[in-house]
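# Observations on chain architecture
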Amino acid sequence: MSRICELTGKGRQVGHNVSHANNKTKRTFLPNLQNVTLMSDSLETSVRLRVSTHGLRSVEHNGGLDNWLVKTADDKLSLKARRLKRDVVKKLATAAA
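Residue positions are given per chain, counted from 1 along the sequence in the order it is written. Under the rules for a predicted model, residues below a pLDDT of 70 receive no local features and side-chain atom pairs below 80 are neither given nor counted, while totals for whole chains, interfaces and linings still include all residues. Excluded from the side-chain calculation are hydrogens and water; included are all heavy atoms of the structure.

### Digging into the overall build of the protein chain
Helical segments are the DSSP runs of H or I of at least four residues, strand segments are the runs of E of at least two, and each set is numbered from the N terminus. Assigned secondary structure in the protein chain consists of 3 helices and 4 strands. Just to be clear, the radius of gyration here is over C-alpha atoms, and the globule rule we use is 2.2 Å times residues to the power 0.38. Over its C-alpha trace the protein chain gives a radius of gyration of 17 Å, far above what one expects of a compact globule, namely 13 Å for 97 residues. Once the C-alpha set of the protein chain is aligned to its principal axes, its extents read approximately 65 × 25 × 20 Å. Exposure is judged per residue with a 1.4 Å probe applied to protein chains only, and the accessible area is read against the type maximum: over 50% gives exposed, under 20% gives buried, and values in between give partly exposed. Expressed as a percentage of the 97 residues in the protein chain, the buried residues total 29%. Accessible surface is estimated by sampling points in the Shrake-Rupley manner with a 1.4 Å probe; for residues, cover comes only from the protein chains shown. With an accessible surface of roughly 6900 Å², the protein chain has 49% of that area assigned to carbon and sulfur atoms. Counted charges follow a simple rule, with Lys and Arg positive, Asp and Glu negative, and His plus the chain ends left uncounted. Charge positions are represented by NZ for Lys, CZ for Arg, CG for Asp and CD for Glu. Counting 18 positive and 8 negative side-chain charges, the protein chain places the centres of these two groups 13 Å from one another.

### Some words on the side chain of lysine 85
Tracing the sequence through the fold places lysine 85 in helix H3 (residues 79–96). Lysine 85 sits in the buried class, given a relative accessible area of 13%.

### Here's the deal with the packing of aromatic side chains
Stacked, tilted and edge-to-face pairs are distinguished by plane angle, under 30 degrees for stacked and over 60 for edge-to-face with tilted covering the rest, among Phe, Tyr and Trp rings (Trp via its six-membered ring) whose centres lie within 6.5 Å. Here the structure, examined in full by the defined rule, presents 0 aromatic pairs. Over the aromatic face of phenylalanine 29 sits the side chain of arginine 27, whose NZ or CZ is 3.9 Å from the ring centroid. Think of it as a cone above the ring: NZ of Lys or CZ of Arg counts as a charge over the ring if it is within 6 Å of the ring centre and within 35 degrees of the ring normal.

### Some words on the pattern of salt bridges
Salt bridge criterion: a side-chain nitrogen from Lys or Arg within 4 Å of a carboxyl oxygen from Asp or Glu. Per the stated rule, a full pass over the model turns up 1 salt bridge. A salt bridge links aspartate 74 to lysine 85, with the shortest nitrogen-to-oxygen separation between them at 3.1 Å. Of this pair, aspartate 74 sits in the loop between helix H2 (65–71) and H3 while lysine 85 is found in helix H3, placing the two residues 11 residues apart along the sequence. Aspartate 74 sits in the partly exposed class, given a relative accessible area of 41%.

### So, the environment of glycine 63
Along the chain, glycine 63 turns up in the loop between helix H1 (53–61) and H2. The sequence separation of glycine 63 and aspartate 75 amounts to 12 residues, and the corresponding C-alpha distance is 21 Å.

Shown next, in the form of structure tokens:
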């Protein structure tokens, strides 16, 4: 499994461990990824995603998964999230018409 958030695109970062003697060794900083099940109100289904805790807070702040997907640009989303966004937008368009 890749260590990238499916909603925000947050991935690993590279840095150094620095010792008391100022020796630098490479290390990675991994995002705090969680497997979560989010409800889509418009699709009336639950969706399993691998999301960072920061991304989960963003979804809650924007009023749910559907609102967050509609507001977010496609280039920041994973393939699974883009497909989900397409389905949500279709459902919202048919509901409005």
